[in-house]
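# Structural overview for review
Here are the chains, one letter per residue:
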Amino acid sequence: MFDLQEIKAALARQTHTPAPFRAHPSHASVAMITAPGDDGLEVCFILRAKREGDPWSGQVAFPGGRAEVGDADAYAVAERETAEEIGLSLKPSQRIGSLPTRPIEPRNARGSLTLSPFIYHTTANAKDIAYPQDSAEVARVFWVPLAHLFDEQSVTELEYPFQGSLTTFPGIGYDGEVIWGLTLSILNSFADMMGEPLPIAY
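Treat the numbers as computed from the prediction; the structure is a model and nothing was measured.

### Some words on the environment of phenylalanine 45
Examined against the element boundaries, phenylalanine 45 turns out to sit in strand β2 (residues 40-48). Taking the C-alpha atoms as reference points, phenylalanine 45 and threonine 183, separated by 138 residues in sequence, lie 9.3 Å from one another. Discounting chain neighbours no more than four positions away, the residues touching phenylalanine 45 are Val60, Ala61, Phe62, Arg140, Val141, Phe142, Val144, Leu149, Ile179, Thr183 and Leu187.

### Some remarks on the packing of helix α1 (residues 4-12) against helix α4 (residues 181-194)
Contact geometry for α1 and α4: axes closest at 9 Å, N-to-C directions at 90°. Between α1 and α4, the crossing angle belongs to the class labelled roughly perpendicular. Taking contact as the criterion, the partners of Glu6, Ile7, Ala10 and Leu11 in α1 are, on α4, Phe190, Met193 and Met194. Here the residues of the contact of α1 with α4 sort into 6 nonpolar, no polar and 1 charged.

### So, the packing of aromatic side chains
As enumerated under the stated definition, the model contains 10 aromatic pairs in all. Ring geometry for tyrosine 75 against phenylalanine 118: centres 3.9 Å apart, planes inclined by 25°, an arrangement best described as stacked. Taken as a pair, tyrosine 75 in helix α2 (residues 74-86) and phenylalanine 118 in strand β7 (residues 113-121) lie far apart in primary sequence, 43 residues in all. Each member of the pair, tyrosine 75 as well as phenylalanine 118, carries the same accessibility label: buried. Here phenylalanine 169 and tryptophan 180 contribute two aromatic rings whose centre-to-centre distance is 5.0 Å and whose plane-to-plane angle is 45°, an arrangement assigned as tilted. With phenylalanine 169 in strand β10 (residues 165-174) and tryptophan 180 in strand β11 (residues 177-180), this pair connects stretches of sequence that are 11 residues apart. Pairwise contacts between aromatic rings join Phe45, Phe62, Phe142 and Tyr174 into one cluster. Between arginine 140 and the ring centre of phenylalanine 142, over which it is positioned, the NZ or CZ distance is 4.8 Å.

### Observations concerning the environment of glutamate 105
Tracing the sequence through the fold places glutamate 105 in the loop between β6 (102-104) and β7. Separated by 53 residues in sequence, glutamate 105 and leucine 158 have C-alpha atoms that sit 21 Å apart.

### Topic: unusual backbone geometry
Positive phi is not limited to glycine here, since aspartate 175 has a value of about 50°. One can find aspartate 175 in the loop between β10 and β11. Taking the relative accessible area as the measure of exposure, aspartate 175 reaches 53% and is therefore exposed.

### A closer look at the sheet that holds strand β9 (residues 155-162)
Spatially, 3 strands are ordered β9-β10-β11 in an open sheet, and the strand pairing comes out antiparallel. Here the strands that pair on one side only, and so sit at the sheet edges, are β9 and β11. Within this sheet the neighbouring strands show an average axis-to-axis angle of 55°, counted without direction. Where β10 meets β11, 4 bridges bridge the pair, whose relative direction is antiparallel. Bridge pairing links glycine 173 to valine 178 in β11. Each of β10 and β11 is contacted by α4, which is oriented at about 60° to β11, the strand it contacts most.

### Quick look at the nonpolar core
Counting 36 residues, the largest nonpolar core has Ile7, Phe45, Ile119, Leu146, Leu149 and Phe190 as the members making the most contacts within it. Elements with a contribution of two residues or more to this core: α1, β1 (27-37), β2, β7, β8 (138-145), α3 (146-149) and α4. In terms of residue count, the dominant contributor to this core is α4 (7 residues). Ala78, Leu90, Tyr120 and Val138 belong to the second-largest nonpolar core, a separate cluster that totals 19 residues.

About the cut-offs
- Residues numbered from 1 in each chain as written.
- Predicted model: local features only at pLDDT ≥ 70, side-chain atom pairs only at ≥ 80, totals over all residues.
- Heavy atoms only, no water.
- Helix = DSSP H or I, 4+ residues; strand = E, 2+ residues; numbered from the N terminus.
- Contact = heavy atoms within 4.5 Å.
- Axes fitted to C-alpha atoms, helices over the stretch in contact; angles between N-to-C directions.
- Parallel < 35°, antiparallel > 145°, perpendicular 65-115°, else oblique.
- Nonpolar A, V, L, I, M, F, W, Y, C, P; charged D, E, K, R; others polar.
- Phe/Tyr/Trp six-rings, centres within 6.5 Å; stacked < 30°, edge-to-face > 60°.
- Buried < 20%, exposed > 50% of the residue type's maximum accessible area, 1.4 Å probe, protein only.
- Lys NZ or Arg CZ within 6 Å of the ring centre and 35° of its normal.
- Pairing = 2+ DSSP bridges.
- Core = buried A, V, L, I, M, F, W, Y, C linked by side-chain atoms within 4.5 Å.

Spelled out as structure tokens, the structure:
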């Protein structure tokens, strides 16, 4: 599976243009964080706490959130939110690059969003990184081997209420959780960039 240098090389070949940034809740950023694991790179995910008014309540996601006044740029949003949600301090030197920005129309939320996904790398081993246990926004932090995300044996489905009925969505399963929806879409952008499709029709 891919190593850090391959990811950096793929990012260097990208030509997408970042969206204009506004320090306003209409802009959001997430951090796809990689770290060395026992069998290659691993990727950090969170399980969002169940909260009323959160359109992604209870779902697997990347650390991140909406921009606030004082955020210097879209990277700063991802870094502040990651520190607030999981207590992991990301530095500019750990920035690897960006995936394409995308417009989002979240259900049961105020207005549309422009989402900026960024890739980071920390040299600390994934299993050695500690997290606060009292976050109101995050129920769980877990790391998934990058190779697992591209393993056809990981493909699963999830039923979720959509437009008044249960709808089946494709996903990637890991340790009792399902990566699907927006987060799976971001992973699909990463897979496209790497030239290796996810083992899932998305």
